[in-house]
Amino acid sequence: MMDQNQPKNYLVESILVTIFCCLPFGIVGIVFASQVNSKFSSGDYHGAQEASENAKKWMKWGLFSGIAIILLYAIVIFAIGGLAIMGFGNDY
Amino acid sequence: MNLKTMGFLLLGISVAILYFFVNPSDVNFFPKCPLYVTTGIYCPGCGSQRATHQLLQFNLFGVLQQNVLYFLGILVLGYHGIITGLNAYFKKNIYNYIYHPKTPIIILVIIIIYWVLRNIPYYPFTILAPN
């Protein structure tokens, strides 16, 4: 097989983005990943390359928005830090 | 090993330690799923933080209880890692199904079906929802 020549499809990364934070970006990433595979297998190398770049872009957007959400969340939590401490272990 | 890799490694280890010792079900300072908070709908990733805790405690049943997709994700990740590793270090040429034209579509369909099913609030489907 010619795996070496196939552009990276970012499928695994997109799945991780989908599961860990940002569903919409992850799904777009998976769609582009499927384009990378199907275009490459039909011999459209340039199309596959393009889809690969798109998949990478969306995967990165997902990653960054995930980090942004966590940072925002951390800021909010620290701003109302007292509440977080009072809520500690409230399931007991 | 360069600085960037070391930074990521350090971050990964500290996150792993955090999720090993703290069960996200018991505290409420972990970020919650934005979709669930705003709409009350579970997304396919809901329960991943709790699943991470269970995984680090080697409680596989706990992982499945929180998020079945998380478990499948780990399998895919492991598969990809092993095949890539074998091909790189032993100069093998094993076909990696991650690059099969149908694989991403199948995964997408699984995610969407799973998403719908875990939001049905009746018995057999409620197993799929995180608890």
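All values reported here derive from a predicted model rather than from experimental measurement. (Residues numbered from 1 in each chain as written. Chains lettered and ligands numbered in written order. Predicted model: local features only at pLDDT ≥ 70, side-chain atom pairs only at ≥ 80, totals over all residues. Heavy atoms only, no water.)

A. Representation of the overall build of chain B in the model. Within chain B one finds seven helices and zero strands. Considered along the principal axes of its C-alpha atoms, chain B spans approximately 50 × 35 × 25 Å. In chain B, which comprises 131 residues, the share counted as buried stands at 31%. Here the contacts in chain B between residues at least 6 apart in sequence split such that 46% fall between residues at least 24 apart. For chain B, the exposed surface amounts to about 8,200 Å²; the carbon and sulfur share of it is 76%. (Helix = DSSP H or I, 4+ residues; strand = E, 2+ residues; numbered from the N terminus. Buried < 20%, exposed > 50% of the residue type's maximum accessible area, 1.4 Å probe, protein only. Contact = heavy atoms within 4.5 Å. Areas by Shrake-Rupley, 256 points an atom, 1.4 Å probe, with all protein chains shown as cover.)

B. Region of the structure containing the confidence of the model for chain B. Residues with a pLDDT of 70 or more make up 99% of chain B, whose mean pLDDT is 85. Reported confidences for the modelled complex are a pTM of 0.76 and an ipTM of 0.72. (pLDDT = per-residue confidence, 0-100.)

C. Inspection of the environment of B:Leu11 at higher detail. Residues and elements named next belong to chain B. Inspection of the secondary structure assignment puts Leu11 in helix H1 (residues 3–21). Residue classification places Leu11 among the exposed residues on the basis of a relative accessible area of 52%. When the C-alpha atoms of Leu11 and Ile120 are compared, they prove to be 37 Å apart, with 109 residues separating the residues in sequence.

D. View of H1(B). Here H1(B) spans 27 Å end to end across 19 residues, near enough to the 27 Å set by a 1.5 Å rise per residue. Structurally, the start of H1(B) carries an N-cap: the backbone nitrogen of B:Lys4 is 3.4 Å from a side-chain oxygen of B:Asn2. (Expected span 1.5 Å × (residues − 1). Polar contact = N/O pair within 3.5 Å; in protein donor to acceptor, adjacent residues only side chain to side chain.)

E. Structural context of the side chain of B:Gln66. Inspection of the secondary structure puts B:Gln66 in helix H4 (residues 60–66). For B:Gln66, a relative accessible area of 5% translates into the label buried.

F. Main features of the environment of A:Leu16. Tracing the sequence through the fold places A:Leu16 in helix H1 (residues 11–20). Overall, the relative accessible area of 29% leaves A:Leu16 in the partly exposed class. Once the C-alpha coordinates of A:Leu16 and A:Leu63 are considered, the two residues, 47 residues apart in sequence, prove to be 9.4 Å apart. Excluding residues that lie within four positions of it along the chain, A:Leu16 makes contacts with A:Cys21 and B:Leu77.

G. Molecular detail of the packing of aromatic side chains. Residue and element names in this part refer to chain B. Following the criterion strictly, the structure yields six aromatic pairs over all chains and no others. Here Tyr19 and Phe30 contribute two aromatic rings whose centre-to-centre distance is 4.9 Å and whose plane-to-plane angle is 20°, an arrangement assigned as stacked. On the criterion of sequence distance, the pair formed by Tyr19 in helix H1 and Phe30 in the loop between H1 and helix H2 (34–39) is long-range, its members being 11 residues apart. Accessibility expressed as a relative area gives 13% for Tyr19, which makes it buried. On the accessibility criterion, Phe30 (7% relative accessible area) is buried. A centroid spacing of 5.0 Å and a plane angle of 5° characterise the contact between Tyr36 and Tyr42, whose relative ring orientation is stacked. Taking the relative accessible area as the measure of exposure, Tyr36 reaches 38% and is therefore partly exposed. (Phe/Tyr/Trp six-rings, centres within 6.5 Å; stacked < 30°, edge-to-face > 60°.)

H. The interface of chain B and chain A, seen in detail. Taken residue by residue, the interface counts 34 residues in chain B and 33 residues in chain A. The contact between chain B and chain A buries some 2,800 Å² in all, and 71% of this surface belongs to carbon and sulfur atoms. Inspection of the region where chain B meets chain A yields zero salt bridges. Counting residues per element, the ones that place at least two in the side of chain B that touches chain A are helix H3 (48–56), helix H5 (68–89) and helix H6 (103–117) of chain B. Tallying contributions element by element places H6(B) first for the side of chain B that touches chain A, with seven residues. Split into classes, the residues belonging to the side of chain B that touches chain A amount to 21 nonpolar, 11 polar and two charged. (Buried area = accessible area lost by both parts, 1.4 Å probe. Salt bridge = Lys/Arg side-chain N within 4 Å of Asp/Glu carboxyl O. Nonpolar A, V, L, I, M, F, W, Y, C, P; charged D, E, K, R; others polar.)

I. Structural detail: the side chain of A:Ser52. All names here are of chain A. With respect to the helices and strands, Ser52 occurs in helix H3 (residues 45–79). Owing to a relative accessible area of 6%, Ser52 belongs among the buried residues under this scheme. With residues near it in sequence (within four places) discarded, Ser52 still touches Pro7, Lys8, Tyr10 and Val36.

J. Molecular detail of the packing of H1(A) against H5(B). Between H1(A) and H5(B), the shortest axis-to-axis distance is 10 Å and the interhelical angle comes to 160°. Taken as axis vectors, H1(A) and H5(B) run roughly antiparallel relative to one another. Crossing of H1(A) over H5(B) shows left-handed handedness. Residues A:Val12, A:Ile15, A:Leu16, A:Ile19 and A:Phe20 of H1(A) pack against B:Leu69, B:Tyr70, B:Gly73, B:Val76, B:Leu77 and B:His80 of H5(B). (Axes fitted to C-alpha atoms, helices over the stretch in contact; angles between N-to-C directions. Parallel < 35°, antiparallel > 145°, perpendicular 65-115°, else oblique. Left-handed = near helix turned anticlockwise from the far one by under 90°.)

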